[in-house]
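Structural features, examined
The primary structure of each chain is shown beneath.
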Amino acid sequence: MKHETINLPINYKEKLNHNGKSPTLTTYILDNYEDLEPSRKRPLLLICPGGGYACLANREAEAVAIQANAAGFHAAILRYTLSPMAFPSSLLDLAEAVRYCRLHAQEWNVDKDKIIVSGFSAGGHLAASLGVYWNGLNAGGVKGEDKTPLIKKYLPYSADEIKPNALLLCYPVITAGEFAHRGSIENVLGENCAEKEEFVSLENLVTSDFPPSFIWHTDEDTLVPVENSLFLSLALRKARVKHELHVYGFGEHGLSLASAETAVLDDENLKERYPEGWFSQFVKWISRLFDLRT
């Protein structure tokens, strides 16, 4: 296994007020079996942990990467820029991370057309933001005189370099409207938050270029209401984007793998593992989408 932590470049820091902390990419790149498949190319799951854009939840990081490895996927964890920051710093970190993984696809035996961006909670908002903006949408989608694509304002990369081929969205923050997780929205936008909310209310920015997506949420989530995922699903359906939505009847926010491994030890929900099968459902879905062997 190639397991290392890489400091990603901050190629936008001269254009944005960056907080000075380098985003990092931690890799979990599987070895091939030399006697069986010396040149096998695998999909890669790029993981964005949640934490309201204020911190990063570790239980949504390495445990997920290891689960991905067990399913035959390479994995990498992005530890992106957090508040205080200038919008869209964290989105640019993710674009940089996708490009880095694609640039190293040959070295890592990654299928460069099977890079899946995964996000939990606010990390789900980050992943879905790249789903919206990767192919040249300007900030806000329709308003304003400046029609320069948002990411292109800060990074010189082509859309194909930063494209996610699919998304895995776990109880994601999506909307800046009535059912918003206000902390995430305020942290990602920084100063003058109210003036920029249209940029991050993602259900209103979906186009047919949004990547195929697997989404799951719980009906009992009181921190990030399930309406976030429902709004996104409706927008994807309207845009005719392939996706699958699972709404589980039980379980609070932040369940990660919904397993004993990722449970909080003193949490009353330790025994609540109702959504535990979500990862195997995702593997079935992505295997069919990408025509993988299972």
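Overview of the structure. (Residues numbered from 1 in each chain as written. Predicted model: local features only at pLDDT ≥ 70, side-chain atom pairs only at ≥ 80, totals over all residues. Heavy atoms only, no water.)

**Brief notes about the sheet that holds strand β3 (residues 42-48)**
In spatial order, the strands read β1-β2-β4-β3-β5-β6-β7-β8; together these eight strands make up an open sheet with mixed pairing. Each of the sheet's edge strands pairs with one partner strand only, and the pair in question is β1 (5-7) and β8 (243-248). Adjacent strand axes in the sheet meet at a mean angle of 20 degrees when their direction is disregarded. As paired elements, strand β7 (residues 213-218) and β8 share six bridges and run parallel to each other. Residue pairing for β8: isoleucine 215 is matched across the bridge by leucine 245. Contacts from helix α1 (residues 62-70) reach β2 (24-28), β3, β4 (74-79) and β5 (110-120), with the element oriented near 165 degrees to β4. Packed on one face of the sheet, helix α2 (residues 89-103) meets β1, β2, β3, β4 and β5 and runs near 150 degrees to β5. (Pairing = 2+ DSSP bridges. Helix = DSSP H or I, 4+ residues; strand = E, 2+ residues; numbered from the N terminus. Axes fitted to C-alpha atoms, helices over the stretch in contact; angles between N-to-C directions. Contact = heavy atoms within 4.5 Å.)

**A word on the pairing of β4**
For β4, the buried fraction is high: five of the six residues fall into the buried class. Strand direction decides the pairing type here: β3 and β4, joined by four bridges, are parallel. Within the sheet, the bridge partner assigned to leucine 46 lies in β4 and is alanine 76. (Buried < 20%, exposed > 50% of the residue type's maximum accessible area, 1.4 Å probe, protein only.)

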